[in-house]
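Next come the chains, spelled out residue by residue.
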Amino acid sequence: AAAAAAAGARTALVNDGELGGLCILRGCMPSKTLLHSSHVLHEMRTAGRLGVHTGEIRVDVPAIYRRKDEKVARFQRAKIRSIESSPYDVIEGRGRFTGPATLAVGDRLFGAGGYVIATGSRPAPSPVPGSGDVRVLSSDDLIGMGALPRSLVVHGAGAIGLELGQFLARMGVEVLIVGRSRPLSKVDRDCSDEMMQVLRDEPGLDGVMPGRILGVRKDGDGILFDIEGNGVRRVHRAEAFLSAIGRVPDVAGLGLDRAGVRVRDGGILHEPSMRTTNPAIYVAGDATGSFQVLHLANQEGAVAGHNAARGVPERHMDYRLRMWIVFTDPPFASIGLTEDEARREGRAIVSAVKRFPEQGRAITMETDHGLLKVIARAASGEILGAHILGPRADDLVHIIAAVMFYRGRAADLCAMPWYHPTLSEALIEIGRNLAALLDGRPPVESPPA
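Throughout what follows, the structure given in this document is the object of discussion. Quick caveat, the model's predicted, so the values are computed rather than measured. (Residues numbered from 1 in each chain as written. Predicted model: local features only at pLDDT ≥ 70, side-chain atom pairs only at ≥ 80, totals over all residues. Heavy atoms only, no water.)

This brings us to the sheet that holds strand β8 (residues 151-155). Overall, parallel pairing links the 4 strands, which are arranged β10-β9-β8-β14 in an open sheet. The open sheet has two free edges, formed respectively by β10 (205-208) and β14 (240-243), since each of these has just one partner strand. Here the strands of the sheet are splayed against their neighbours by 20° on average, with no regard to which way each runs. (Pairing = 2+ DSSP bridges. Helix = DSSP H or I, 4+ residues; strand = E, 2+ residues; numbered from the N terminus. Axes fitted to C-alpha atoms, helices over the stretch in contact; angles between N-to-C directions.)

This part covers the side chain of Thr422. Along the chain, Thr422 falls in the loop between α13 (410-415) and α14 (426-438). Reaching out from Thr422, the side chain makes a polar contact with the backbone oxygen of Tyr419 at a distance of 2.8 Å. At 3.1 Å, the side chain of Thr422 and the side chain of Ser424 are in polar contact. (Polar contact = N/O pair within 3.5 Å; in protein donor to acceptor, adjacent residues only side chain to side chain.)

What follows deals with helix α4 (residues 61-84). In this model, α4 (24 residues) spans 35 Å end to end at C-alpha, consistent with the 34 Å of a helix rising 1.5 Å per residue. Listed as buried for α4 are Val61, Ile64, Tyr65, Lys68, Val72, Gln76 and Ile83. Considering only its buried residues, α4 is in contact with α2 (22-25), α3 (28-45), β2 (89-92), α5 (139-144) and α6 (159-170). (Expected span 1.5 Å × (residues − 1). Buried < 20%, exposed > 50% of the residue type's maximum accessible area, 1.4 Å probe, protein only. Contact = heavy atoms within 4.5 Å.)

Here Met209 and Pro210 are connected by a cis peptide whose omega angle stands at 5°. Within the secondary structure layout, Pro210 lies in the loop between β10 and β11 (212-219). Along the chain, Asp329 connects to Pro330 via a cis peptide bond; the corresponding omega equals 5°. Here Pro330 is to be found in the loop between β19 (323-326) and β20 (332-336). The residue Leu184 is not glycine, and still its phi comes out positive at about 70°.

Glancing now at the environment of Asp286. On the secondary structure map, Asp286 appears in the loop between β18 (281-283) and α9 (294-310). For the pair Asp286 and Arg170, spaced 116 residues apart in the sequence, the C-alpha separation amounts to 30 Å. Setting aside chain neighbours within four positions, we find Asp286 in contact with Leu22, Gly120, Ser121, Pro249, Phe291, Gln292 and Val293.

Tallied over the full model, the rule gives 5 aromatic pairs. With a centroid separation of 5.3 Å and 85° between ring planes, the pair formed by Phe225 and Phe241 is classed as edge-to-face. Taken together, the residues Phe225 in strand β12 (residues 222-229) and Phe241 in strand β14 connect sequence positions 16 residues apart. Across the pair, exposure class does not vary: Phe225 and Phe241 are buried alike. The interplanar angle of 70° and the centroid separation of 5.8 Å between the aromatic rings of Trp324 and Phe332 together place this pair among those described as edge-to-face. Of the residues examined, Trp324 reaches a relative accessible area of 29% and is grouped as partly exposed. (Phe/Tyr/Trp six-rings, centres within 6.5 Å; stacked < 30°, edge-to-face > 60°.)

Turning next to the environment of Glu341. Counting through the fold element by element, Glu341 comes out in helix α10 (residues 339-344). Taking the relative accessible area as the measure of exposure, Glu341 reaches 21% and is therefore partly exposed. The spacing of Glu341 and Val187 is 154 residues in sequence and 8.9 Å in space, taken between C-alpha atoms. Polar contacts involving the side chain of Glu341 include one to the side chain of Arg322, which spans 2.9 Å.

Next comes the structure, spelled out in structure tokens:
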């Protein structure tokens, strides 16, 4: 809406429900507020390794959730003030297309030269047999709870499942994560191996990955789970069931068929200009069914809003710098191409790895897990991607993003100054090893510190 108004169009925002958006109300901000409490709790419990002894630690779950509610209310107030001062009108209600160029909101009918669909997503329904007979929690439900169960099964080993699974385990809940594949296995094999070790070392958390939940059934005040993993079937009992298998585009009831907007696998088909199969209608964010991350949704919204206002697809999305972050402890961050993606595209690449437990600053922090991998084009040394599992990975990835934005090379990593001792300093070793590989020399073997 802001981009459309800035492009000169008289603009209205049709909003269904509470103002603020998923990120503020039920996603990024409340979940990260909760996670921070569990990260601090873990630091307190392990501070003895640093010579710091805390004594008895008391966890006040209601206070943790009250703090989350206070932060959400603050972020929401700021968002609403921003909307109220924006150069567009807000129309309350759920919009539905009645034709290729008309939209109904309640009893009112609107016409416009361009539209943007940015209706977001909702938790995917659980496909597990028997789910209709038990209470299945979504991430929305869990973030809104004030009391936690004593035991829980998480279905899904993606970002939501890993983050909330670790949070719950640190809060004292007995957690079992069941995922159809190993975490991060589609991104990087080395990072996947490392994340599995992180999860194995987490007290109160167990996993069946890869594994399947064959069915669930009620058992008194609990739930019985029929689980299969590694060729072995077992029955597991827990108080609660969290479905964290992802989110699906929230496009039901929008009248897309009447508007001539096609959908594939639940997401709205679109071009890099964000234009749909109706030339007057554009799409952005989770409704695309593609990337469910805020920074890309913001970029897509800016492109879609501008193009819808102008009436022509002047701007296009560039996903070269797409990022993905999992806010576990330690966090995982990825940007650009993976090794497998690069090879599928026929690119000749080189890659170098630095393990954080062997990196100076990380050693001073008692870092047990983590690695940093950078991928470069074999012909030119241009950085094509990076994958980081380790302390402050969520911030470190932006260093690589800046280098990639300017199409920097391995030689640039070597030429840049790196402050000592820092975590980011690992990149100079990465740069040197990439440069050696590009020159046909063996990488420099840094002895483990």
